[in-house]
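Here is what each chain is made of, one letter per residue.
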Amino acid sequence: MTTDVGLDRDSLEMMLASLDDFLAEALPDARRLDLDHDDVCPEETVRAMCGEDLGVQLVFIPEEYGGFGGGAFDSYRVCERLARFDIGVATAVLATFLGSDPIVVGATAQQRKEWLGRIAERGILFAYAATEPEAGSDLAAMNTTATPVETDGQVTGYRLNGRKQWISNGSIADAYSVLALAPGGPSWFVVEKGTPGFSAAPPEDKHGIRLSDTAALFLDDVLVPAEHLVGREEGHGLAQAQQVFGYTRVMVAAFGLGGGWSALDRAIAYSTERVQGGAPLSNKQGFTHKLIVPHAVRLEAARAFIEETATRIDSGEGADGALNTEGAIAKYLATEAGNAAAEAAIQAHGGYGYTRPYLVEKIKRDVRITTIYEGTSEIMEMTIARGRWQQHLKTSGAYYRDAARALDDVPGECGGPTAALALECLAAVLESCRVGRLTRSQHVLLRLGELISYAECAGALARRAAAAATGALPAKSDTRFDAAALAAVSRVFARDAALKVAEEGSRWVTGANAGPDLAVALPLDRVRAAQAGLLDDMDRVGDVLYRREAGSS
């Protein structure tokens with residue numbers, strides 16, 4: 001599987017290496033801890049990253065406007081690398097990308113040339129101003145208004161009134177994409193810093209990502225010229241936002257991935273040095289198989305789905321929001337896995353993990369936001385369940401049965417049959433929910449979103465392991481694990497997914513008093529039999545993570 005979109009592999013690797021060097025020099029651990037303690041965004045560093053010193057923003061800008069024309073795959077790799085270093089700084093960079101999204105998808109050619117050109121050439125910072133205090137994730141519930149101003153019968157401008165909340169780069173951006181309700185419907189407007197009536201509150205005192213700037217915005221009779229209405233036509237704001245959710249949620253998924261691995265790598269390093277009971281923690285199966293291996297496996301399952309979705313976006317499949325459900329699955333599993341991995345990393349450090357100098361405490365506070373912004377985990381569960389429920393109904397229950405059969409060519413050593421078993425169980429669970437009309441229960445619907453994510457990511461990971469075995473991974477893929485290691489990772493996760501879907505699916509169907517039929521339909525004996533060899537595979541993954549010979553722990 002290859003993609004020709006965006007940067008070539010060498011250019012991407014050069015950008016990632018440059019990021020590492022730049023951030024290591026500009027923001028060493030001690031400075032990051034000080035900035036976190038003082039709740040200060042290193043604005044000068046963020047601007048340098050988007051200036052001649054590095055030019056990271058060019059990855060997100062199309063070539064015709066002076067950028068590198070990076071695709072979704074490039075953006076995922078860059079976002080993960082930024083998040084491995086600091087999710088707060090990564091958020092400041094991503095805010096410009098998010099802020100430019102409405103312009104990329106909905107602006108006129110002249111508007112794109114002006115604003116994307118200014119981002120590329122001058123490194124101006126953007127912000128994405130959609131969320132409101134009373135609306136949260138429900139963009140349609142906005143109260144910010146845009147009232148047309150007419151001169152000689154022509155609309156020459158708009159007066160914006162309202163408030164925006166939780167805006168990344170809120171007090172440091174040079175320009176803002178603001179969503180407001182015009183007479184023709186929700187619409188995006190570009191508002192420049194310093195416009196009369198436009199102001200930002202002091203930055204929020206946040207639990208985490210304290211190296212990012214987050215502030216409320218106030219729009220009090222702010223006059224913007226009609227030329228700043230994105231696309232020069234009212235009413236397309238929500239459609240433009242929906243159009244890029246698949247893409248942007250993959251980027252936030254990469255944040256969860258990067259934060260989780262950053263914490264886990266610190267825990268791995270610590271456990272090789274920390275001696276308890278006469279041996280390093282890394283030699284103790286009770287430590288590694290609870291606090292390290294399961295989290296590495298879940299992170300790599302999320303990566304498989306991220307890479308698969310990014311490849312599909314780059315192929316053009318994600319136009320007009322076609323991959324919104326896939327973006328939600330990627331974000332859900334990656335951010336939940338990243339948050340859990342960071343929590344485990346604190347536990348892995350014992351008392352030291354609870355102190356600031358070891359950084360895992362900070363990483364945990366930072367990665368927590370990824371399960372909230374760009375749509376909470378609960379919104380993701382709802383999005384996933386509704387999207388796939390429609391597929392189940394449209395195909396008369398064949399959607400996941402077909403997905404299971406599509407894994408017939410994925411060998412057992414890559415986890416294919418067990419991943420297929422998870423999908424087969426999922427089809428049975430969904431059918432029981434249809435017969436019992438269980439999706440009327442919101443909690444059941446959300447739990448289906450979780451089960452769908454696990455089953456689909458198991459399939460993606462099995463395909464990724466098979467591709468690695470035949471040398472067919474995308475050229476720009478992450479290569480931390482070789483083919484044999486990736487196969488072991490896939491086998492572990494496939495078992496987890498199959499058991500989770502079967503047992504928890506049965507629990508919720510039975511718990512909703514839908515009758516005993518599901519127990520008959522589910523191949524529970526096969527699911528339990530598939531767990532054979534699990535501990536051996538966990539041992540193999542542990543050996544890979546600690547770079548030791550198999551069986552030497």
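Residues numbered from 1 in each chain as written. Predicted model: local features only at pLDDT ≥ 70, side-chain atom pairs only at ≥ 80, totals over all residues. Heavy atoms only, no water.

Another aspect to go through is the pattern of salt bridges. Under the definition given, this model contains 45 salt bridges. Two residues, E13 and R77, come together in a salt bridge whose shortest N-O distance is 3.8 Å. With E13 in helix α1 (residues 9–26) and R77 in helix α4 (residues 72–85), this pair connects stretches of sequence that are 64 residues apart. You can call E13 partly exposed: its relative accessible area is 33%. Of the charged contacts in the structure, one is a salt bridge between D537 and R540, with a shortest N-O distance of 2.6 Å. You can see D537 and its partner R540 sitting in helix α20 (residues 534–545), three residues apart, about one turn around the helix. (Salt bridge = Lys/Arg side-chain N within 4 Å of Asp/Glu carboxyl O. Helix = DSSP H or I, 4+ residues; strand = E, 2+ residues; numbered from the N terminus. Buried < 20%, exposed > 50% of the residue type's maximum accessible area, 1.4 Å probe, protein only.)

We now examine the pairing of strand β4 (residues 175–182). Burial runs high along β4: seven of the eight residues are buried. Looking at chain direction, strand β1 (residues 126–129) and β4 are connected through four bridges and run parallel. By the bridge assignment for β4, F126 is matched with A175. Looking at chain direction, β4 and strand β5 (residues 185–192) are connected through eight bridges and run antiparallel. Bridge pairing in β5 links V178 to F189. Between β4 and β5, which pair antiparallel one after the other, the connecting turn spans two residues. (Pairing = 2+ DSSP bridges.)

In this structure, E80 sits in helix α4. Those residues in contact with E80 that sit more than four places away from it in its chain are A254, L257, G258, W261 and R303. (Contact = heavy atoms within 4.5 Å.)

Where helix α11 (residues 324–349) meets helix α12 (residues 360–367), the closest approach of the two axes is 9 Å, and the angle between their N-to-C directions is 160°. Considering the angle they form, α11 stands roughly antiparallel to α12. The crossing of α11 and α12 is left-handed. Listed contacts from α12 to G338, N339, A342, E343, A345, I346 and H349 of α11 are V360, E361, I363, K364 and V367. Along the lines of polarity and charge, the residues of the contact of α11 with α12 split into six nonpolar, three polar and three charged. (Axes fitted to C-alpha atoms, helices over the stretch in contact; angles between N-to-C directions. Parallel < 35°, antiparallel > 145°, perpendicular 65-115°, else oblique. Left-handed = near helix turned anticlockwise from the far one by under 90°. Nonpolar A, V, L, I, M, F, W, Y, C, P; charged D, E, K, R; others polar.)

Attention now goes to the UniProt feature "domain: Acyl-CoA dehydrogenase/oxidase C-terminal" (unreviewed entry) in the protein chain. Mapped onto the present numbering, the UniProt feature "domain: Acyl-CoA dehydrogenase/oxidase C-terminal" (unreviewed entry) falls at residues 235–387. Summarising residues 235–387: 72% helix, 3% strand, and an end-to-end C-alpha distance of 24 Å. (UniProt positions renumbered as here; feature names shortened; annotations may be inferred.)

For the rest of this paragraph, the subject is α4. Between its terminal C-alpha atoms α4 stretches 20 Å, which fits the 20 Å expected from 14 residues at 1.5 Å a residue. Burial runs high along α4: twelve of the 14 residues are buried. For α4, the full list of buried residues reads A72, F73, D74, S75, Y76, R77, V78, C79, E80, L82, A83 and F85. (Expected span 1.5 Å × (residues − 1).)

Turning to unusual backbone geometry, a few remarks are in order. Within the chain, D39 stands out as a residue other than glycine whose phi angle is a positive 60°. You will see that R547, though not glycine, has its phi angle at about 55°, which is positive. Within the secondary structure, R547 sits in the segment after α20. R547 sits in the exposed class, given a relative accessible area of 81%.

Here A304 is to be found in helix α10 (residues 293–314). Note on A304: relative accessible area 3%, which makes it buried. Separated by 245 residues in sequence, A304 and E549 have C-alpha atoms that sit 26 Å apart. Those residues in contact with A304 that lie beyond four places of it in its chain are A460, L461 and R464.

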